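Below are the chains, spelled out letter by letter.
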Amino acid sequence: MNISNFISKRYLFAKKSRNIINLISLISLFGLLVSAASLVVILSGFNGIQKYVEDVYGKFSASIYVYPLSGKFIAEHDSIFSVIKLNNQVKYYSKVIEETAMLKFENKWVTATIKGVDSNTYNKKTWSLNLIEGNGELYIENFPKILLGYGLQNELQIPYNENINNEIKIFSISNKKQLSIQNQSSLKKNNLIFGGVYSINPELDFSSAMVDYKAANQIFERQNGANYLEIFLKDN
(Lines give C-alpha, C1' and ligand atoms only; values in the text may rest on other atoms or scores of the structure.)
Protein backbone atom coordinates (compact mmCIF):
# COMPACT_ATOMS: atom_id res chain seq x y z
CA MET A 1 0.00 0.00 0.00
CA ASN A 2 1.18 3.51 -0.76
CA ILE A 3 2.64 5.06 2.40
CA SER A 4 0.78 8.37 1.93
CA ASN A 5 -2.56 6.58 1.54
CA PHE A 6 -1.83 4.50 4.63
CA ILE A 7 -1.12 7.58 6.76
CA SER A 8 -4.22 9.36 5.42
CA LYS A 9 -6.52 6.47 6.29
CA ARG A 10 -4.87 6.02 9.68
CA TYR A 11 -5.67 9.57 10.80
CA LEU A 12 -8.94 10.06 8.92
CA PHE A 13 -10.56 6.93 10.34
CA ALA A 14 -8.78 6.88 13.71
CA LYS A 15 -10.49 5.94 16.99
CA LYS A 16 -12.54 8.43 18.96
CA SER A 17 -9.64 9.13 21.25
CA ARG A 18 -8.10 11.04 18.39
CA ASN A 19 -11.09 13.26 17.53
CA ILE A 20 -8.98 16.38 17.17
CA ILE A 21 -6.91 14.74 14.44
CA ASN A 22 -10.08 13.61 12.68
CA LEU A 23 -11.48 17.13 12.84
CA ILE A 24 -8.31 18.67 11.39
CA SER A 25 -8.30 16.07 8.60
CA LEU A 26 -11.93 16.74 7.72
CA ILE A 27 -11.37 20.51 7.69
CA SER A 28 -8.36 20.06 5.38
CA LEU A 29 -10.38 17.78 3.10
CA PHE A 30 -13.24 20.28 2.98
CA GLY A 31 -10.79 23.08 2.14
CA LEU A 32 -9.33 21.09 -0.72
CA LEU A 33 -12.80 20.33 -2.10
CA VAL A 34 -13.83 24.01 -1.95
CA SER A 35 -10.58 25.11 -3.61
CA ALA A 36 -10.96 22.56 -6.39
CA ALA A 37 -14.60 23.52 -6.98
CA SER A 38 -13.69 27.24 -7.09
CA LEU A 39 -10.92 26.55 -9.62
CA VAL A 40 -13.37 24.66 -11.86
CA VAL A 41 -15.87 27.55 -11.71
CA ILE A 42 -13.17 30.16 -12.49
CA LEU A 43 -11.77 28.17 -15.43
CA SER A 44 -15.29 27.65 -16.80
CA GLY A 45 -15.86 31.40 -16.57
CA PHE A 46 -12.66 32.13 -18.48
CA ASN A 47 -13.65 29.64 -21.17
CA GLY A 48 -17.02 31.36 -21.49
CA ILE A 49 -15.38 34.78 -21.80
CA GLN A 50 -12.97 33.45 -24.43
CA LYS A 51 -15.85 32.01 -26.47
CA TYR A 52 -17.76 35.29 -26.21
CA VAL A 53 -14.76 37.31 -27.43
CA GLU A 54 -14.21 34.88 -30.31
CA ASP A 55 -17.89 35.07 -31.30
CA VAL A 56 -17.94 38.87 -31.15
CA TYR A 57 -14.56 39.69 -32.70
CA GLY A 58 -13.12 36.50 -34.18
CA LYS A 59 -15.37 36.10 -37.20
CA PHE A 60 -14.60 39.65 -38.35
CA SER A 61 -10.85 39.43 -37.75
CA ALA A 62 -8.27 38.87 -40.45
CA SER A 63 -5.35 36.48 -39.98
CA ILE A 64 -2.82 39.30 -40.43
CA TYR A 65 -3.05 43.10 -40.45
CA VAL A 66 -0.49 45.16 -42.37
CA TYR A 67 0.10 48.82 -41.47
CA PRO A 68 2.50 51.31 -43.08
CA LEU A 69 5.94 51.67 -41.49
CA SER A 70 5.62 55.44 -41.68
CA GLY A 71 2.67 57.75 -42.12
CA LYS A 72 -0.89 56.45 -42.25
CA PHE A 73 -1.22 55.39 -45.85
CA ILE A 74 -0.17 52.45 -48.08
CA ALA A 75 0.20 53.61 -51.69
CA GLU A 76 -1.45 51.77 -54.58
CA HIS A 77 1.83 50.44 -56.01
CA ASP A 78 3.57 49.60 -52.75
CA SER A 79 5.85 46.53 -52.95
CA ILE A 80 3.81 44.79 -50.24
CA PHE A 81 1.15 43.89 -52.81
CA SER A 82 3.66 41.91 -54.90
CA VAL A 83 4.83 40.07 -51.79
CA ILE A 84 1.26 39.14 -50.85
CA LYS A 85 0.39 37.89 -54.35
CA LEU A 86 3.47 35.62 -54.43
CA ASN A 87 2.72 34.08 -51.03
CA ASN A 88 0.97 30.72 -51.46
CA GLN A 89 -0.42 30.79 -47.92
CA VAL A 90 -2.57 33.86 -48.63
CA LYS A 91 -6.17 33.04 -49.49
CA TYR A 92 -7.16 36.64 -50.22
CA TYR A 93 -6.58 40.14 -48.92
CA SER A 94 -8.52 43.37 -48.68
CA LYS A 95 -7.54 47.01 -48.81
CA VAL A 96 -9.17 48.95 -45.99
CA ILE A 97 -9.74 52.68 -45.75
CA GLU A 98 -10.59 53.89 -42.26
CA GLU A 99 -11.16 57.60 -41.67
CA THR A 100 -13.20 59.94 -39.49
CA ALA A 101 -16.08 61.90 -41.00
CA MET A 102 -19.25 63.73 -40.04
CA LEU A 103 -22.62 62.18 -40.83
CA LYS A 104 -25.81 64.19 -41.16
CA PHE A 105 -29.46 63.22 -41.48
CA GLU A 106 -31.94 66.08 -41.47
CA ASN A 107 -30.79 68.21 -38.50
CA LYS A 108 -28.87 65.47 -36.66
CA TRP A 109 -25.06 65.24 -36.73
CA VAL A 110 -22.66 62.55 -35.51
CA THR A 111 -18.94 61.88 -35.82
CA ALA A 112 -18.14 58.39 -37.08
CA THR A 113 -15.24 56.18 -38.10
CA ILE A 114 -15.93 55.16 -41.69
CA LYS A 115 -14.53 51.79 -42.75
CA GLY A 116 -14.27 51.09 -46.47
CA VAL A 117 -14.05 47.36 -47.24
CA ASP A 118 -13.54 45.48 -50.50
CA SER A 119 -16.87 44.10 -51.74
CA ASN A 120 -15.00 41.14 -53.28
CA THR A 121 -13.88 39.96 -49.83
CA TYR A 122 -16.73 41.33 -47.72
CA ASN A 123 -18.68 38.30 -46.49
CA LYS A 124 -22.37 39.06 -46.12
CA LYS A 125 -23.01 35.60 -44.63
CA THR A 126 -20.62 36.37 -41.77
CA TRP A 127 -22.33 39.70 -41.14
CA SER A 128 -25.88 38.41 -41.50
CA LEU A 129 -26.19 37.39 -37.84
CA ASN A 130 -25.16 40.90 -36.76
CA LEU A 131 -27.52 42.75 -39.08
CA ILE A 132 -30.51 44.24 -37.30
CA GLU A 133 -32.00 45.86 -40.39
CA GLY A 134 -31.17 45.63 -44.09
CA ASN A 135 -29.70 42.88 -46.25
CA GLY A 136 -26.05 43.86 -45.94
CA GLU A 137 -25.66 44.99 -49.55
CA LEU A 138 -23.15 47.82 -50.06
CA TYR A 139 -24.69 48.97 -53.36
CA ILE A 140 -28.13 49.54 -54.78
CA GLU A 141 -28.27 49.97 -58.57
CA ASN A 142 -24.58 51.04 -58.61
CA PHE A 143 -25.24 53.66 -55.95
CA PRO A 144 -23.20 53.17 -52.74
CA LYS A 145 -24.87 52.38 -49.43
CA ILE A 146 -23.71 53.00 -45.89
CA LEU A 147 -24.33 50.59 -42.99
CA LEU A 148 -24.53 52.13 -39.52
CA GLY A 149 -23.79 50.76 -36.10
CA TYR A 150 -26.91 50.58 -33.94
CA GLY A 151 -25.76 53.47 -31.74
CA LEU A 152 -25.12 55.79 -34.69
CA GLN A 153 -28.54 55.05 -36.15
CA ASN A 154 -30.09 55.90 -32.80
CA GLU A 155 -28.20 59.19 -32.59
CA LEU A 156 -29.14 60.18 -36.15
CA GLN A 157 -32.72 58.99 -35.58
CA ILE A 158 -32.87 57.70 -39.14
CA PRO A 159 -35.52 55.06 -39.87
CA TYR A 160 -34.81 52.11 -42.14
CA ASN A 161 -37.32 51.28 -44.85
CA GLU A 162 -36.38 49.01 -47.74
CA ASN A 163 -38.91 50.83 -49.92
CA ILE A 164 -37.54 54.31 -49.17
CA ASN A 165 -33.96 55.34 -49.96
CA ASN A 166 -33.09 57.69 -47.11
CA GLU A 167 -29.90 59.61 -47.83
CA ILE A 168 -27.14 60.34 -45.35
CA LYS A 169 -24.78 63.22 -46.01
CA ILE A 170 -21.14 62.49 -45.23
CA PHE A 171 -18.70 65.37 -44.74
CA SER A 172 -14.96 64.76 -45.01
CA ILE A 173 -11.82 66.87 -45.38
CA SER A 174 -10.43 67.18 -48.89
CA ASN A 175 -6.77 66.23 -49.26
CA LYS A 176 -6.44 68.40 -52.35
CA LYS A 177 -7.27 71.70 -50.66
CA GLN A 178 -5.67 73.59 -47.80
CA LEU A 179 -7.58 73.26 -44.56
CA SER A 180 -8.60 76.54 -42.94
CA ILE A 181 -11.58 78.07 -41.18
CA GLN A 182 -12.11 80.52 -44.03
CA ASN A 183 -11.81 77.91 -46.78
CA GLN A 184 -15.13 76.09 -46.59
CA SER A 185 -14.41 74.27 -49.86
CA SER A 186 -11.90 72.09 -48.03
CA LEU A 187 -14.89 70.20 -46.61
CA LYS A 188 -16.32 67.68 -49.07
CA LYS A 189 -19.91 66.46 -49.08
CA ASN A 190 -21.16 63.15 -50.46
CA ASN A 191 -24.56 61.49 -50.32
CA LEU A 192 -24.97 57.81 -49.50
CA ILE A 193 -28.04 55.60 -49.25
CA PHE A 194 -28.80 54.32 -45.76
CA GLY A 195 -28.54 50.57 -46.25
CA GLY A 196 -28.99 48.95 -42.85
CA VAL A 197 -27.99 48.61 -39.21
CA TYR A 198 -25.60 46.21 -37.49
CA SER A 199 -24.73 45.44 -33.89
CA ILE A 200 -21.34 43.96 -32.91
CA ASN A 201 -20.42 45.49 -29.54
CA PRO A 202 -21.17 48.83 -27.83
CA GLU A 203 -17.84 50.38 -28.80
CA LEU A 204 -18.31 49.77 -32.54
CA ASP A 205 -22.08 50.24 -32.51
CA PHE A 206 -21.72 53.86 -31.35
CA SER A 207 -18.70 54.84 -33.45
CA SER A 208 -18.49 52.97 -36.76
CA ALA A 209 -20.10 52.86 -40.19
CA MET A 210 -19.28 50.71 -43.20
CA VAL A 211 -19.12 51.47 -46.92
CA ASP A 212 -17.61 49.83 -49.98
CA TYR A 213 -13.89 50.40 -50.57
CA LYS A 214 -14.50 52.20 -53.89
CA ALA A 215 -16.92 54.60 -52.23
CA ALA A 216 -14.45 55.31 -49.39
CA ASN A 217 -11.65 55.75 -51.94
CA GLN A 218 -13.67 58.43 -53.72
CA ILE A 219 -14.86 60.13 -50.52
CA PHE A 220 -11.43 60.33 -48.86
CA GLU A 221 -9.39 60.72 -52.09
CA ARG A 222 -7.06 57.82 -51.33
CA GLN A 223 -6.01 57.17 -54.96
CA ASN A 224 -6.58 53.41 -54.68
CA GLY A 225 -4.38 53.12 -51.59
CA ALA A 226 -5.30 51.98 -48.09
CA ASN A 227 -4.84 52.80 -44.42
CA TYR A 228 -4.08 49.13 -43.79
CA LEU A 229 -4.51 45.66 -45.30
CA GLU A 230 -6.42 42.67 -44.01
CA ILE A 231 -4.85 39.36 -45.03
CA PHE A 232 -6.74 36.07 -44.76
CA LEU A 233 -4.69 32.87 -44.82
CA LYS A 234 -5.66 29.48 -46.20
CA ASP A 235 -6.85 26.81 -43.78
CA ASN A 236 -4.15 24.30 -42.91
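Here's a quick rundown of the structure.

1. Describing the layout of surface pockets
Okay, step 1: By volume, the second largest pocket amounts to about 210 Å³.
Okay, step 2: Contributing to the lining of the second largest pocket are Tyr 93, Ser 94, Lys 95, Asp 118, Ser 119, Asn 120, Tyr 139, Asp 212, Tyr 213 and Lys 214.
Okay, step 3: Counting residues per element, the ones that place at least two in the lining of the second largest pocket are strand 2 (90–105) and helix 7 (213–220).
Okay, step 4: Here the lining of the second largest pocket is composed, by residue class, of 3 nonpolar, 3 polar and 4 charged.

2. A short note on the environment of Asn 120
Okay, step 1: Considering the arrangement of structural elements, one finds Asn 120 in the loop between strand 3 (108–117) and helix 4 (124–128).
Okay, step 2: Taking relative accessible area as the criterion, Asn 120 reaches 72% and is therefore assigned exposed.
Okay, step 3: Along the backbone, Asn 120 and Ser 94 are 26 residues apart, and their C-alpha atoms lie at a distance of 8.3 Å.

3. Some details on the packing of aromatic side chains
Okay, step 1: Counting across every chain of the model gives 6 aromatic pairs.
Okay, step 2: Centroid distance Phe 81 to Tyr 93: 6.0 Å. Interplanar angle 40°. Geometry classified as tilted. Linking Phe 81 in helix 3 (residues 80–86) with Tyr 93 in strand 2, this pair joins segments that are 12 residues apart in sequence.
Okay, step 3: Residue classification places Phe 81 among the buried residues on the basis of a relative accessible area of 6%.
Okay, step 4: Looking at Tyr 93, the relative accessible area reads 22%, which means it is partly exposed.
Okay, step 5: Considering the side-chain rings of Tyr 160 and Phe 194, the 5.8 Å spacing of their centres and the 85° angle between planes classify their relative orientation as edge-to-face.

4. Description of the nonpolar core
Okay, step 1: Counting 24 residues, the largest nonpolar core has Leu 103, Ile 114, Ile 146, Leu 148, Leu 156 and Ile 168 as the members making the most contacts within it.
Okay, step 2: With 5 residues, helix 7 is the single largest residue contributor to this core.
Okay, step 3: The contact partners of Ile 168, leaving out residues within four places of it in the chain, are Leu 103, Lys 104, Ile 146, Leu 148, Leu 156, Ile 158, Asn 190, Asn 191, Leu 192 and Phe 194.
Okay, step 4: Formed by 9 residues, the second largest nonpolar core is a distinct cluster that contains Trp 127, Leu 131, Ile 200 and Met 210.

5. A few points about the pattern of salt bridges
Okay, step 1: Counted according to the given criterion, the structure contains 4 salt bridges.
Okay, step 2: The shortest N-O distance in the salt bridge between Glu 230 and Lys 115 comes to 3.2 Å. With Glu 230 in strand 10 (residues 228–233) and Lys 115 in strand 3, this pair connects stretches of sequence that are 115 residues apart.
Okay, step 3: For Lys 115, a relative accessible area of 22% gives the class partly exposed.

6. Observations regarding the pairing of strand 6 (residues 143–149)
Okay, step 1: Among the 7 residues in strand 6, 6 count as buried, and that is most of the element.
Okay, step 2: Pairing between strand 5 (residues 139–140) and strand 6: 2 bridges, direction antiparallel. For Tyr 139, the partnering residue across the bridge sits in strand 6 and is Pro 144.
Okay, step 3: Counting the residues between successive antiparallel strands, the hairpin from strand 5 to strand 6 contains 2 residues, one of them, Glu 141, with a positive phi of roughly 50°.
Okay, step 4: Here strand 6 runs beside strand 8 (residues 187–198); their pairing, made up of 5 bridges, is parallel. Note on strand 8: the bridge partner recorded for Lys 145 is Ile 193.
Okay, step 5: As paired strands, strand 6 and strand 9 (residues 208–212) are joined by 2 bridges and run antiparallel to one another. Paired with Leu 148 across the strands is Ala 209, a residue of strand 9.

Calculation criteria
- Residues numbered from 1 in each chain as written.
- Predicted model: local features only at pLDDT ≥ 70, side-chain atom pairs only at ≥ 80, totals over all residues.
- Heavy atoms only, no water.
- 1 Å grid on protein atoms, 1.4 Å probe; cavity = no way out; pocket = protein on both sides within 12 Å on 5 of 7 lines; lining within 4 Å.
- Points joined across faces, edges and corners; volume = space filled by probe spheres on them.
- Helix = DSSP H or I, 4+ residues; strand = E, 2+ residues; numbered from the N terminus.
- Nonpolar A, V, L, I, M, F, W, Y, C, P; charged D, E, K, R; others polar.
- Buried < 20%, exposed > 50% of the residue type's maximum accessible area, 1.4 Å probe, protein only.
- Phe/Tyr/Trp six-rings, centres within 6.5 Å; stacked < 30°, edge-to-face > 60°.
- Core = buried A, V, L, I, M, F, W, Y, C linked by side-chain atoms within 4.5 Å.
- Contact = heavy atoms within 4.5 Å.
- Salt bridge = Lys/Arg side-chain N within 4 Å of Asp/Glu carboxyl O.
- Pairing = 2+ DSSP bridges.

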